[in-house]
Amino acid sequence: MSSSDPKTRHKPGSWPPALDAAPVPPSSWAKRTGFRPKFSGETNASDSGQIALPPRARENENQPDLEAGRARIASPMANGEQPVSEKGPAVKDQTVKKRREADGTNNGGSGASANGHTGTNGAAETVTAPQPTRRPSRNEEVVDVLPQNVDDEGIVGRRSHMKYELRDTPGLVPIGLYGFQHYLSMLGSLILIPLVIVPAMGGTYEDTANVVSTVLFVSGVTTLLHSFFGSRLPLIQGPSFVYLAPALAIINSPEFQGLNGNNFKHIMKELQGAIIISSAFQAILGYSGLMSLFLRLINPVVVAPTIAAVGLSFYSYGFPLVGTCLEIGAVQILLVIIFSLYLRKISVLGHRIFLIYAVPLGLGITWAAAFLLTEAGTYSYKGCDTNVPASNIISEHCRKHVSRMKHCRIDTSHALKSSPWFRFPYPLQWGTPVFHWKMALVMCVVSVIASVDSVGSYHASALLVASRPPTPGVVSRGIGLEGLSSVLAGLWGTGTGSTTLTENVHTIAVTKMGSRRVVDLGACVLVVLSLVGKVGGFIASIPEVMVAALLCFMWAMLAAFGLSNLRYSETGSYRNIIIVGLSLFLSLSIPAYFQQYGISPNSNLSVPIYFQPFIVASHGPFHSKYGGVNYIMNTLLSLHMVIAFLVAVILDNTVPGSRQERGIYVWSESEAARREPAVVKDYELPFQVGRIFRWVKWIGL
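All of these numbers come straight from a predicted model, not from anything done at the bench. (Residues numbered from 1 in each chain as written. Predicted model: local features only at pLDDT ≥ 70, side-chain atom pairs only at ≥ 80, totals over all residues. Heavy atoms only, no water.)

## A word on the overall build of the protein
Within the protein one finds 28 helices and four strands. Total accessible area on the protein stands at roughly 30600 Å², and carbon and sulfur atoms take up 63% of it. (Helix = DSSP H or I, 4+ residues; strand = E, 2+ residues; numbered from the N terminus. Areas by Shrake-Rupley, 256 points an atom, 1.4 Å probe, with all protein chains shown as cover.)

Next up, the structure:
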């Protein structure tokens, strides 16, 4: 046959066959490896919220060279942006230009690259090399290119769009204004937790005011410590919602149900003991270098459902309490939604005040409306007194309206009048902490979840404000200092541990303020305010229904912040969809089984309905002859975030998937970081402290 003749047989082409059209440039984290999204099932930019890049016009366009470890640049670009041919080339930001000259990375300086060009995630990109460079091995990671995330707010996850970067020092007036703005935008995260746990412990309004002042003091001190000796990123430390659910579980333990006298101080001392032990465990985890090994298991697919589960776990507390005074609570939720979504693009003097101050504005307006309604006598009923306990009310008319009077009126709290003008929060102010191993072990597991939360915040904030992501040693150092900070929180008695607040990243992205000096000044102001007792009294007088309404929004935002970590991975990947979906569903379903086990529909429980999910230790399905083991297992398996973390970390690290599909966090290598002046200035310890601990190779640079 003619076809069998080797001379006439059709010769096959190269394999795999060449594509007819140039593939769409990768638009996600996968760009760092030259990954082609059209082969992976990755969603396009319109689906994932990433930049939709125009198709390549030339072969030598910006493209990572995996073999040479550098990127080939066809034309100069400002901070990696696409040049606009019709309106002229893109103009570089002057602040970034000055910073590059100061770091010695411009015009052939000894910076991140040979000519000072910096990639989209701060990784060095070499345009031309005057001398031969070492050829990296195939498994060596050199090119670090992060996704460029742009939403309709114009918030871009790149340093060039920040007003001030990490080491920038604006004038005293800008520092003061931006510091006030930064902390005011995070007001809810700082003050709301004491307003929940202190009443749950049976504390008075005066106790709530004292705990609020203590929280402000500890938050200011720990933020300063973290800024100088932790990760050195502009991250506010404070009471995290991660600790709220286990704190409520301990508060509602069966041994505390029949207490007589001052329940608040007794339960607070139990919480202090558990927090101190778990914080010491977290400090050891960080400073021993174990956190650097643990980082290999923590990726966006793990962080996203874990943090989302923290926000979703309080659905039983939010609106059921808002419903006690619907005309106040629902209006506040609507106001915050209107400010943060519908009016978010309105700028006043260059600041989007409605977007930045949505929570304090909503609180202030609703509080003023409730004050007018109270003064007008809307919630006054003849012959009824809110100061009389509900059990002593005889009149049926008053019994019918007592709940409405208690939750809708704003003059039921006497915290502002009774609080002193000056009060110094001091350690062990509630008494000597009490240590129980079963509660301490529960908190130790929670401290691991808090560390996972902080890792995601470190990575996301570094992409916005720093020259490069931190090294694993810097992350370990930050986690270790968070452990020490939580020890201080336990000694002073805040009721929860101290950790990086997840809302930091959103605040930095919206305000475009990444200078650590702003955070430092704001922390000093917090310490001063904590000494004014009236400030704590004013915050403690916020009506309970308003607190619940704010928490509905804050917890929803926390769940959204957690899921936003998926932007670093392939959000359209079937593997990731199944892992995240299973993690979220099981984090709601398994705790529901533990919380409902052994409770009949007609059970007359001694706790409010919104606290019933946290009394599982007394009736959970896990039974053995060891009461402490029963307490630990029933409590841990009833926490949504624990289930989400276990399911996600097991599946993500056992189900096969490529690095770009999983969105593996890329941290700077220690050897390369020490050679880059910009990275050293970003993360080295001040006052030459780093030289003293240079022998500790597993933390820091």
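## Some remarks on unusual backbone geometry
A negative phi angle is the norm for most residues apart from glycine, just as the trans form is the norm for most peptide bonds. With a phi angle near 70°, Arg232 is a residue other than glycine that sits in the positive phi range. On the secondary structure map, Arg232 appears in the loop between α5 (205-229) and β3 (237-239). Located in the positive-phi region is Leu428, a residue other than glycine, with phi close to 60°. The topology assignment puts Leu428 in the loop between α15 (415-418) and α16 (437-465). Among the residues examined, Leu428 registers a relative accessible area of 41% and is labelled partly exposed. (Buried < 20%, exposed > 50% of the residue type's maximum accessible area, 1.4 Å probe, protein only.)

## Topic: the pattern of salt bridges
Going through the model one piece at a time under the given rule, you end up with seven salt bridges. The shortest N-O distance in the salt bridge between Arg468 and Glu676 comes to 3.0 Å. Residue Arg468 is located in the loop between α16 and α17 (472-492), and its partner Glu676 is located in the loop between α26 (670-674) and α27 (677-683); the two are separated by 208 residues in the primary sequence. Here Arg468 and Glu676 have matching classes, each one buried. The shortest N-O distance in the salt bridge between Arg517 and Asp520 comes to 3.4 Å. Separated by three residues within a single helix, Arg517 and Asp520 lie in helix α19 (residues 516-530), roughly one turn from each other. (Salt bridge = Lys/Arg side-chain N within 4 Å of Asp/Glu carboxyl O.)

## Some thoughts on the side chain of Ser231
Mapped onto the secondary structure, Ser231 falls in the loop between α5 and β3. Using a relative accessible area of 1% as the deciding quantity, one classes Ser231 as buried. In terms of polar contacts, Ser231 uses its side chain to reach the side chain of His226, at 2.8 Å. If we skip the residues at most four places from it in the chain, Ser231 touches His226, Tyr458, Val474, Arg477, Gly478 and Tyr683. (Polar contact = N/O pair within 3.5 Å; in protein donor to acceptor, adjacent residues only side chain to side chain. Contact = heavy atoms within 4.5 Å.)

## Focus: the nonpolar core
Formed by 124 residues in total, the largest nonpolar core has its most connected members in Met201, Leu233, Phe241, Leu244, Leu248, Ile542 and Met546. Take this core: its biggest share by element is 15 residues, from α16. Among all residues touching Ile542, those that are not within four sequence positions of it are Ile191, Leu195, Leu363, Trp367 and Val547. Ala304, Ala308, Leu566 and Val580 belong to the second-largest nonpolar core, a separate cluster that totals eight residues. (Core = buried A, V, L, I, M, F, W, Y, C linked by side-chain atoms within 4.5 Å.)

## A word on helix α13 (residues 358-375)
The terminal C-alpha atoms of α13 lie 26 Å apart, and with 18 residues this matches the ideal 26 Å at 1.5 Å per residue to within 8%. If you check which residues of α13 are buried, you get Ala358, Val359, Pro360, Gly362, Leu363, Thr366, Trp367, Ala370 and Thr374. (Expected span 1.5 Å × (residues − 1).)

## Observations concerning the state of the cysteines
Scanning the entire structure with this criterion turns up one disulfide. Here Cys325 is linked by a disulfide to Cys408, with a sulfur-sulfur distance of 2.0 Å. Its torsion about the S-S bond being 125°, the disulfide of Cys325 and Cys408 is classed as right-handed. Note that Cys325 is positioned in the loop between α10 (318-322) and α11 (326-342) and Cys408 in helix α14 (residues 396-408), a separation of 83 residues in sequence. (Disulfide = S-S within 2.5 Å.)

## Focus on the packing of aromatic side chains
Summed over the entire model, instances satisfying the criterion amount to 16 aromatic pairs. Ring centres of Tyr164 and Tyr178 lie 6.0 Å apart, and the angle between their planes is 70°; this geometry places the pair in the edge-to-face category. With a gap of 14 residues between them, Tyr164 in the loop between α2 (94-103) and α3 (172-185) and Tyr178 in helix α3 connect regions that are remote in the sequence. Here Tyr164 falls in the partly exposed class, since its relative accessible area comes to 23%. Under the relative-accessibility criterion, Tyr178 is labelled buried at 12%. (Phe/Tyr/Trp six-rings, centres within 6.5 Å; stacked < 30°, edge-to-face > 60°.)

## Section: the environment of Pro472
Assignment of secondary structure puts Pro472 in helix α17. Through-space distance from the C-alpha of Pro472 to that of Ser670 is 8.0 Å; in sequence the pair is 198 residues apart.

## So, the environment of Pro613
Along the chain, the position of Pro613 falls in the loop between α22 (574-596) and α23 (627-636). In this structure, the C-alpha to C-alpha distance between Pro613 and Leu639, residues 26 residues apart in sequence, is 9.3 Å. Once residues within four sequence positions are removed from consideration, Pro613 is found in contact with Ser316 and Gln595.

## Comments concerning helix α4 (residues 187-200)
For α4, a buried count of eleven out of 14 residues is recorded, marking the element as mostly surrounded by other parts of the structure. For α4, every residue scored as buried is listed here: Gly188, Ser189, Leu190, Ile191, Leu192, Ile193, Pro194, Leu195, Val196, Ile197 and Val198. Count one or two residues on from α4 and you reach Gly202, which has phi positive near 85°.

## Here we look at the packing of α4 against α5
Packing of α4 against α5 leaves a shortest axis separation of 9 Å and a crossing angle of 145°. Here the hand of the crossing between α4 and α5 comes out right-handed. Residue-level inspection shows Leu190, Pro194, Leu195, Val198 and Pro199 of α4 in contact with α5, the latter providing Asp207, Thr208, Val211, Val212, Val215 and Ser219. Class assignment of the residues belonging to the contact of α4 with α5 gives a composition of eight nonpolar, two polar and one charged. (Axes fitted to C-alpha atoms, helices over the stretch in contact; angles between N-to-C directions. Left-handed = near helix turned anticlockwise from the far one by under 90°. Nonpolar A, V, L, I, M, F, W, Y, C, P; charged D, E, K, R; others polar.)

## Section: the confidence of the model for the protein
Should the pLDDT be low somewhere, the predicted coordinates at that spot are not to be read in detail. On average, residues of the protein carry a pLDDT of 77, and 72% of them reach 70 or more. In this model, residues 20-102 is a region of pLDDT below 50 whose contacts with residues beyond four sequence positions or in other chains number 150 contacts. (pLDDT = per-residue confidence, 0-100.)

## Focus on the packing of helix α9 (residues 300-312) against helix α24 (residues 640-654)
Axes are the key here: two packed helices are described by the angle between their axes and the distance separating the axes. Axis separation between α9 and α24 bottoms out at 8 Å; the angle between their running directions is 170°. The orientation of α9 relative to α24 falls into the category roughly antiparallel. As for how α9 packs across α24, the hand of that crossing is right-handed. Counting all contacts with α9, which are made through Val301, Val302, Pro305, Thr306, Ala309 and Val310, the residues of α24 involved are His640, Met641, Ala644, Phe645, Ala648, Val649 and Asp652. Among the residues making up the contact of α9 with α24, the classes are represented as ten nonpolar, two polar and one charged. (Parallel < 35°, antiparallel > 145°, perpendicular 65-115°, else oblique.)

## A short note on the environment of Val303
Mapped onto the fold, Val303 is located in helix α9. Residues Val303 and Phe645, spaced 342 residues apart in sequence, show a C-alpha to C-alpha distance of 7.7 Å. When neighbours within four sequence positions are excluded, Val303 is seen to be in contact with Ile298, Val452, Gly456, Asn565 and Tyr665.

## Some details on the side chain of Ser253
Examined against the element boundaries, Ser253 turns out to sit in the loop between α6 (244-251) and α7 (263-287). Within polar-contact distance, the side chain of Ser253 engages the side chain of Tyr631 at 2.8 Å.

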